[in-house]
Protein chains: 2
Amino acid sequence: MQSLPSAPGPDTLPLYQRLAQALRSEIAAGIHPVGSGLPTEIELCARHGVSRHTVRAALRLLVDQGLIERRQGAGSRVIADTPPVAYVHTIRSLSELFSYTRDTTLEIADAETVTLGEAEAAAIHWPPGTRWLRITGVRWTADRSEMVCHVTVFVHARFAELLTDVSRQDGPIHALVEARSGERVEEAVQEVSAAAMPPAAARALGTRTGAPALRILRRYLDASGAPMMVAVNWHPGDRFAYTIRLRRDDEPA
Amino acid sequence: MQSLPSAPGPDTLPLYQRLAQALRSEIAAGIHPVGSGLPTEIELCARHGVSRHTVRAALRLLVDQGLIERRQGAGSRVIADTPPVAYVHTIRSLSELFSYTRDTTLEIADAETVTLGEAEAAAIHWPPGTRWLRITGVRWTADRSEMVCHVTVFVHARFAELLTDVSRQDGPIHALVEARSGERVEEAVQEVSAAAMPPAAARALGTRTGAPALRILRRYLDASGAPMMVAVNWHPGDRFAYTIRLRRDDEPA
DNA sequence: TCTCATTTGTCCGTATGTATA
DNA sequence: ATATACATACGGACAAATGAG
């Protein structure tokens, strides 16, 4: 039986945390390579002379840190040799994907069901021929002093009947779809690129066609990875920037 | 003593999960308003007729979901009445901030210590007059078949002496700074905007000056929020997009 | 397909330490 | 200083999932 390291003073870490440290060290040292199994709970009890309760508390820490995964009946398996999460960007709602989407309102100019043509389909990375409810409009700042971007939203046709009154609603469209359909957006993929402002957006925004513009494509996916909704935003390049802040997210260990 | 709801079949949730559900319902219903204290562990044991172990497992779920916080000696406090829907963008290293920064190499054209002028200072959001090591170059794909972007990196002058051999190094500069100085990047702020390609970058990349380009400004901050390093990348707008994927981060409950 | 040993999951009881009010 | 409340740690028992035979 090994003894867990412990400082002499009264400020030692709890037993289960020292055990977790020891296991992290063993994993980092390659004693338990990624993909291999960790010793069983009972074996760890015997090896370190602690109760199963303590072993389970330690293993829970490793699970929380993404180092191991556990399956009832099968054991614990090492899935990473270093705490995988280094930096995270967390948002509380998809509206914050582009932070200023709060405190803005969408003025809808048009909403109709369309069949995707070649060009439009390619632009949103989806095969042509499918039917979508296409909503176009302009997003304004809350005080309506400034236009934020030109918006085109494609909502999957199966939600179209839920959105017949969309032009009189406010709030994010994806939230409306979620609330009325009961389906949840499980994942969102955002693509930011620079391109020349297209004529339609330039007309709506009163800018020059061809000027540098920020194009933001957001795809809202359900649990199976199929798109529920796709939004294309065109922002005047000289007025808007997309900012994210990532914080280091690991334990001092 | 209340009895936790349980379906008749054999497919009931574990006791501690049902208890967590019950507590979530009570919080959502305003029985335990945000800011108020939850009953103590012992009281919850008595009230629901379960062991303290079970109560603690349930409360741990609520902590993980961000609904309550607990302090030894003080009790449990409600900090939110609805599971804060979080979407997270997780990266394992700052190099993945722009995903293709992996598998690319930076060809350094120039490195010299400079005092920031007005224009440059404004561009990186920092007062003029400060001294920085300015490194310029072009980032190539791994097979050197294509130029990815034009790069200007400003490293705080206190790190300059650690980077005298920077042109012969590869790997991310921020990693070099971290390794040699011992200071850690605690936070990174990235700003993406569209602008006309400036002449210097256009020359280096062989593109047209004034064409739509993606400008990415990354500021690497230390624990006190002071910038350790600032990087400005110019990408040809027609060739590159910045993609992030956010996953829903909550439990099925 | 079925059995069976293994392994983790759940749940109980008890005791003591430590931070808080 | 005392009582309270959460944290840590020991013990035992059975259930459920897994995987091998």
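Residues numbered from 1 in each chain as written. Chains lettered and ligands numbered in written order. Predicted model: local features only at pLDDT ≥ 70, side-chain atom pairs only at ≥ 80, totals over all residues. Heavy atoms only, no water.

As recorded by an unreviewed UniProt entry, chain A carries the name Transcriptional regulator and is attributed to Thalassobaculum fulvum.

Caption draft 1: Quick look at the overall build of chain A. What chain A contains, in helices and strands, is six helices and 10 strands. By residue count, 46% of the 253 residues in chain A fall in the buried class. Of the contacts formed within chain A by residues at least 6 apart in sequence, a portion of 57% connects residues at least 24 apart. (Helix = DSSP H or I, 4+ residues; strand = E, 2+ residues; numbered from the N terminus. Buried < 20%, exposed > 50% of the residue type's maximum accessible area, 1.4 Å probe, protein only. Contact = heavy atoms within 4.5 Å.)

Caption draft 2: Layout of the domain arrangement of chain A. On domain assignment, one finds that chain A holds domain 1 (15-78) and domain 2 (87-244). Centre-to-centre, using C-alpha coordinates, domain 1 of chain A lies 45 Å away from domain 2 of chain A. (Domains from an automatic or database assignment.)

Caption draft 3: Layout of the relation of the copies chain A and chain B. Once chain A is rotated about the relating axis by 179 degrees and shifted along it by 0.2 Å, it coincides with chain B to within an RMSD of 1.3 Å. The operation mapping one copy onto its partner corresponds to a two-fold rotation axis. Rotation axis and chain A: the residue whose C-alpha lies nearest the axis is P212 of chain A, separated from it by 2.1 Å. (Least-squares fit on C-alpha atoms with pLDDT ≥ 70 in both.)

Caption draft 4: How the structure looks around the pairing of strand β1 (residues 68-71) of chain A. All names here are of chain A. Here four bridges tie β1 to strand β2 (residues 75-78), and the two strands are oriented antiparallel to one another. From the neighbouring strand, R71 faces β2, where its bridge partner is G75. In this antiparallel pair of consecutive strands, β1 and β2, the connection spans three residues, and G73 shows a positive phi of 85 degrees. (Pairing = 2+ DSSP bridges.)

Caption draft 5: Broad picture of the protein's contact with DNA strand D. Near DNA strand D there are 23 residues, and of these L15, S51, T54 and Q72 of chain A together with R56 of chain B occur at the shortest range. Expressed as a percentage, the sugar and phosphate content of the atoms of DNA strand D within 4 Å of the protein is 68%. Side-chain polar atom of R70 of chain B to a phosphate oxygen of DNA strand D: 3.1 Å apart, as the coordinates give it. Within the backbone of G73 of chain B, a nitrogen or oxygen atom sits 3.5 Å from a sugar or linking oxygen of DNA strand D. Of all elements in the fold, only α1 (15-28) and α3 (52-64) of chain A together with α3 (52-64), β1 (68-71) and β2 (75-78) of chain B reach the threshold of two or more residues within the surface near DNA strand D. Of the residues that constitute the surface near DNA strand D, the class distribution is five nonpolar, 11 polar and seven charged. (Near = heavy atom within 4 Å. Polar contact = N/O pair within 3.5 Å; in protein donor to acceptor, adjacent residues only side chain to side chain. Nonpolar A, V, L, I, M, F, W, Y, C, P; charged D, E, K, R; others polar.)

Caption draft 6: Expanded view of the interface of chain A and chain B. Taken together, the contacts link 45 residues of chain A with 44 residues of chain B. Together chain A and chain B conceal approximately 3,600 Å² of surface at their shared face, both sides included; 53% is due to carbon and sulfur atoms. Linking chain A with chain B are zero salt bridges. Our count for the chain A to chain B interface comes out at two residue pairs in polar contact (both at pLDDT 80 or more). Secondary-structure elements contributing two or more residues to the side of chain A that touches chain B are α3, β3 (87-91), β7 (187-196), β8 (212-221) and β10 (241-248) of chain A. With 10 residues, β7 of chain A is the largest single contributor of residues to the side of chain A that touches chain B. Grouping the amino acids of the side of chain A that touches chain B by side-chain chemistry returns 23 nonpolar, 10 polar and 12 charged. In this structure, β10 of chain A lies alongside strand β7 (residues 187-196) of chain B, joined through seven bridges in antiparallel fashion. Considered in β7 of chain B, the bridge of A241 of chain A is made with S193 of chain B. (Buried area = accessible area lost by both parts, 1.4 Å probe. Salt bridge = Lys/Arg side-chain N within 4 Å of Asp/Glu carboxyl O.)

Caption draft 7: Up close: the packing of helix α2 (residues 41-48) of chain B against α3 of chain B. All names here are of chain B. Two elements in contact, α2 and α3, have axes separated by 9 Å at closest approach and are oriented at 110 degrees. Taken together, the axes of α2 and α3 lie roughly perpendicular to each other. The interaxial crossing formed by α2 with α3 has right-handed handedness. Residues E41, I42, L44 and C45 of α2 pack against R52, V55, R56 and L59 of α3. In the contact of α2 with α3, the residues fall into five nonpolar, no polar and three charged. (Axes fitted to C-alpha atoms, helices over the stretch in contact; angles between N-to-C directions. Parallel < 35°, antiparallel > 145°, perpendicular 65-115°, else oblique. Left-handed = near helix turned anticlockwise from the far one by under 90°.)

Caption draft 8: Inspection of the packing of aromatic side chains at higher detail. Under the definition given, this model contains zero aromatic pairs over all chains. Above the face of the W140 of chain A ring, R144 of chain A is positioned so that its terminal group lies 5.0 Å from the ring centre. (Phe/Tyr/Trp six-rings, centres within 6.5 Å; stacked < 30°, edge-to-face > 60°. Lys NZ or Arg CZ within 6 Å of the ring centre and 35° of its normal.)

Caption draft 9: Summary view of α3 of chain B. Residue and element names in this part refer to chain B. With 13 residues, α3 should cover 18 Å at 1.5 Å per step; its first-to-last C-alpha distance of 18 Å lies within 8% of that length. Every buried residue belonging to α3 is among T54, V55, A57, A58, L59, L61 and L62, and all of these are buried. Buried residues in α3 make contact with α1 (15-28), α2, β1 and β2. Looking one or two residues beyond α3, the residue adopting positive phi is G66, at roughly 80 degrees. (Expected span 1.5 Å × (residues − 1).)

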